[in-house]
Amino acid sequence: QVQLVESGGGLVQAGGSLRLSCAASLRTFSGCTMSWFRQAPGKEREFVATISPSGGRTEYVDSVKGRFTISRDNAKNTVYLQLNSLKPEDTAVYYCAARFDMLSDFRPSRYNYWGQGTQVTVSS
């Protein structure tokens, strides 16, 4: 059974940092595009960042560019999201997702597996 398990969320003050992790029980992890999405109350799930299978290519939503960094360790089947300079508008449940394709995609419907999410709350 495939599982994606996120961790690292929490409550932080504006300007603070968090590091999210997503451990995947995927035999083909090194062949998957991995992404982070987030969903705030009353809003649709939003693309945040993506990383290619090799880790050589990353893309971000404009609102987090320069503040968030996605990375991966294929030896550990884990993808990370470093969140710096956090703002109250970053408050959301953050989800990692796996896509069996080398091409990135910003649409949630294009992902094969999802984690259960981890809450990030940024206070002002």
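Here we summarise the structure given alongside this text. Each chain carries its own residue numbering, running from 1 in the direction its sequence is written. Predicted model: local features are reported for residues with pLDDT of at least 70 only, side-chain atom pairs are reported and counted for 80 or more only, and whole-chain, interface and lining totals are derived from all residues. As a rule here, side-chain values cover all heavy atoms of the structure and leave hydrogens and water aside.

### Quick notes on the overall build of the protein chain
Then, in step 1: In DSSP terms, a helix is any run of H or I states spanning at least four residues, a strand is any run of E spanning at least two, and both are numbered starting from the N terminus. Along the backbone of the protein chain there are zero helices and eleven strands.
Then, in step 2: Listing every helix and strand of the protein chain by position from the N terminus yields β-β-β-β-β-β-β-β-β-β-β.
Then, in step 3: Atoms counted for the radius of gyration: C-alpha only. Globule rule: 2.2 Å times the number of residues to the power 0.38. Against the globule reference of 14 Å for 124 residues, the protein chain gives a C-alpha radius of gyration of 13 Å, in line with a compact fold.
Then, in step 4: Summarising its shape, the C-alpha atoms of the protein chain cover approximately 40 × 25 × 25 Å along the three principal directions.
Then, in step 5: Whether a residue is buried, partly exposed or exposed follows from its accessible area with a 1.4 Å probe, protein chains only, as a fraction of its type maximum: under 20%, in between, or over 50%, in that order. Looking at the protein chain residue by residue over its 124 residues, the buried ones come to 43%.
Then, in step 6: Should any heavy atoms of two residues lie within 4.5 Å, those residues are counted as being in contact. Counted over contacts in the protein chain with a minimum sequence separation of 6, partners at least 24 positions apart contribute 58%.
Then, in step 7: Counting only carbon and sulfur atoms, one obtains 48% of the accessible surface of the protein chain, whose full area is about 6,400 Å². To measure how exposed things are, a 1.4 Å probe is used in the Shrake-Rupley method; for residues, cover is taken only from the protein chains shown.

### As for the packing of aromatic side chains
The description of an aromatic ring pair rests on the distance of the ring centres and on the angle between the ring planes.
Then, in step 1: Aromatic contacts are taken between Phe, Tyr and Trp rings whose centres are within 6.5 Å, Trp giving its six-membered ring; a plane angle under 30 degrees counts as stacked, one over 60 as edge-to-face, and the others as tilted. The full count for this structure, using the stated rule, is seven aromatic pairs.
Then, in step 2: Measuring from ring centre to ring centre gives 5.9 Å for Phe37 and Phe47, while their planes differ by 80°; the resulting arrangement is edge-to-face. Within this pair, whereas Phe37 is found in strand E4 (residues 33-39), its partner Phe47 is found in strand E5 (residues 46-51), the two being separated by ten residues in sequence.
Then, in step 3: For Phe37, a relative accessible area of 0% corresponds to the buried category.
Then, in step 4: Two conditions define a charge located above a ring, namely a distance within 6 Å from the ring centre to NZ of Lys or CZ of Arg, and an angle within 35 degrees of the ring normal. Sitting over the face of the ring of Tyr95, Arg45 holds its NZ or CZ atom 3.8 Å from the ring centroid.
Then, in step 5: Sitting above the plane of the Phe29 ring, Arg72 keeps its charged end 4.6 Å from the centroid.

### Some words on the environment of Gln119
Then, in step 1: Structurally, Gln119 can be placed in strand E11 (residues 118-123).
Then, in step 2: Among the residues examined, Gln119 registers a relative accessible area of 39% and is labelled partly exposed.
Then, in step 3: Between the C-alpha atom of Gln119 and that of Ala40, which follows or precedes it by 79 residues, the distance is 9.6 Å.
Then, in step 4: Ignoring any residue separated from it by four or fewer positions in sequence, one finds Gln119 in contact with Gly9, Gly10, Thr91, Ala92 and Val93.
Then, in step 5: A distance of 3.4 Å separates a polar side-chain atom of Gln119 from the backbone oxygen of Ala92. Polar contacts here mean pairs of N or O atoms no more than 3.5 Å apart (in protein, one a potential hydrogen donor and the other a potential acceptor; neighbouring residues in sequence count only if both atoms are side-chain atoms).

### Section: the state of the cysteines
Then, in step 1: We call a pair of cysteine sulfur atoms a disulfide when they lie within 2.5 Å. For the structure on display, the rule yields one disulfide.
Then, in step 2: Residue Cys22 pairs covalently with Cys96 via a disulfide, S to S 1.9 Å. Linking Cys22 and Cys96, the disulfide has an S-S dihedral of approximately 45° and is accordingly described as right-handed. Residue Cys22 is found in strand E3 (residues 18-24), and its partner Cys96 is found in strand E9 (residues 92-99); the two are separated by 74 residues along the sequence.
Then, in step 3: On the basis of relative accessibility, which here comes to 0%, the residue Cys96 falls in the buried class.
Then, in step 4: Summary of cysteine pairing: Cys32 is not part of a disulfide, and the nearest cysteine sulfur, belonging to Cys22, is at 11 Å.
Then, in step 5: Among the residues examined, Cys32 registers a relative accessible area of 0% and is labelled buried.

### As for the sheet that holds strand E1 (residues 4-7)
Sheets are built from strands that pair by backbone hydrogen bonding, the pairs being arranged parallel or antiparallel.
Then, in step 1: A pair of strands counts as paired when DSSP detects no fewer than two bridges linking them. Taking strand neighbours across the sheet as the criterion, the four strands line up as E1-E3-E8-E7 in an open arrangement whose pairing is antiparallel. Because the sheet does not close on itself, it has two edges, and the strands there are E1 and strand E7 (68-73). Taken pair by pair, the neighbouring strands of this sheet meet at an average axis angle of 15°, ignoring direction.
Then, in step 2: Bridge count for E1 against E3 is four bridges, and the pairing is antiparallel. The residue bridging Glu6 from the neighbouring strand is Cys22, located in E3. Orientation is described by axes fitted as lines to C-alpha atoms, over the contacting stretch for helices, and by angles from 0 to 180 degrees between their N-to-C directions.

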